[in-house]
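Here is how the chains run, residue by residue.
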Amino acid sequence: MLLQVGGKRFALGLLAIRRVWSMTRSAHTAPHTLEYKPIKKVMVANRGEIAIRVFRACTELGIRTVAVYSEQDTGQMHRQKADEAYLIGKGLPPVAAYLHIPDIIKVAKENDVDAIHPGYGFLSERADFAQACVDAGVRFIGPTPDVVRKMGDKVEARSIAISAGVPVVPGTDAPISSLQEAQEFSNTYGFPIIFKAAYGGGGRGMRVVREYEELEENYQRAYSEALAAFGNGALFVEKFIEKPRHIEVQILGDKYGNVIHLYERDCSIQRRHQKVVEIAPATQLDQHLRDRLTADSVNLARQVQVKTSDRW
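Before going into details, it helps to say that this report is about the structure given with it. A quick note: this is a predicted structure, and the numbers were derived from the prediction, not measured.

Some remarks on the environment of Ala 115
Part 1: Looking at where Ala 115 falls in the secondary structure, it is placed in strand 7 (residues 115-117).
Part 2: Residue Ala 115 is classed as buried on the basis of its relative accessible area, which comes to 0%.
Part 3: It is 4.3 Å that separates the C-alpha atoms of Ala 115 and Arg 139, two residues lying 24 residues apart in sequence.
Part 4: When neighbours within four sequence positions are excluded, Ala 115 is seen to be in contact with Ile 39, Lys 41, Val 42, Met 43, Val 138, Arg 139 and Ile 141.

Some details on the sheet that holds strand 10 (residues 207-209)
Part 1: The three strands lie next to each other as 10-9-11, forming an open sheet whose pairing is antiparallel. In this open sheet, the two edge strands, each paired with only one partner strand, are strand 10 and strand 11 (235-239). The sheet shows a mean angle of 25 degrees between the axes of neighbouring strands, direction not considered.
Part 2: By the bridge criterion, five bridges tie strand 9 (residues 193-197) to strand 11 in an arrangement that is antiparallel. Across the sheet, the residue bridging to Ile 193 is Lys 239, located in strand 11.
Part 3: Its contacts with the sheet place helix 9 (residues 179-189) against strand 9 and strand 11, and it is angled at close to 10 degrees to strand 11.

A few points about the nonpolar core
Part 1: Membership of the largest hydrophobic core comes to 25 residues, with the highest contact counts inside it found for Met 43, Ile 104, Ile 105, Val 113, Ile 116 and Phe 129.
Part 2: Elements with a minimum of two residues in this core: strand 5 (64-69), helix 5 (101-110) and helix 6 (127-135).
Part 3: When residues no more than four places from it in sequence are discounted, the contact partners of Ile 105 are Ile 116, Phe 129, Ala 132, Cys 133 and Ala 136.
Part 4: By size, the runner-up hydrophobic cluster in this structure holds 16 residues, among which are Ile 193, Ala 197, Tyr 219 and Val 237.

Calculation notes
- Residues numbered from 1 in each chain as written.
- Predicted model: local features only at pLDDT ≥ 70, side-chain atom pairs only at ≥ 80, totals over all residues.
- Heavy atoms only, no water.
- Helix = DSSP H or I, 4+ residues; strand = E, 2+ residues; numbered from the N terminus.
- Buried < 20%, exposed > 50% of the residue type's maximum accessible area, 1.4 Å probe, protein only.
- Contact = heavy atoms within 4.5 Å.
- Pairing = 2+ DSSP bridges.
- Axes fitted to C-alpha atoms, helices over the stretch in contact; angles between N-to-C directions.
- Core = buried A, V, L, I, M, F, W, Y, C linked by side-chain atoms within 4.5 Å.

Structure representation (structure tokens):
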């Protein structure tokens, strides 16, 4: 999502909202359940660096940790860093294993896990996973399933942003169902355009198209990447912005409706749409623009609360 000021467009990261879900320790139980239960054991439904970072934080807080791993990741460090580790997705490819919700929930219930942290990528933006945790009586460390659904669905997130008065680049109002819809969009707005995964992020399922002859190939590739990474190949289309600054704003929200921002970071140095370096605070960022970015980010988060019956 981009904010245009003075001829330049700046990314207003919906990924920042997603990243908040990973940062906050607010946990959600079933609706209307007010009983407080301390978290004594946390599973991270992820792998690699993010899992290790969460394990370290839990250890510092005296919380027992649980790792899950695919057959291909038997020797990976995140398995060694947890107090307990369990195999998931037996016989599945590595990515599919970490997307296998029944196995993850089964491990959690069989081993008295109090809460599950999704990390980023994989299931972190899947509302059905957040709901599966709630249904199993395990806390999902992040927003309610309804909020995950609204912000994990990039098309609906665009709509919410528009309702909040946040500027967005031209894009489709719904996931496209055919190559013809992409052709019609390009006829209206011209090239370049970009295909984006409707139900995921992290640079996966994104393909830039600069001319008509590239359209079909990139449509198929983006669909395949999104399907493999997120279990859903749905795509939407946006006008591609050349050489933007990618500025993310960090947001914290709780289940009582409080929303604050933690200022911004510059994530413009990327490779294949994936961030390589993150710099905070962003350099050479006009203070007026910084104020607009942070205010719009908070307004967007509050608008999500307005659009859902549950609170964060």
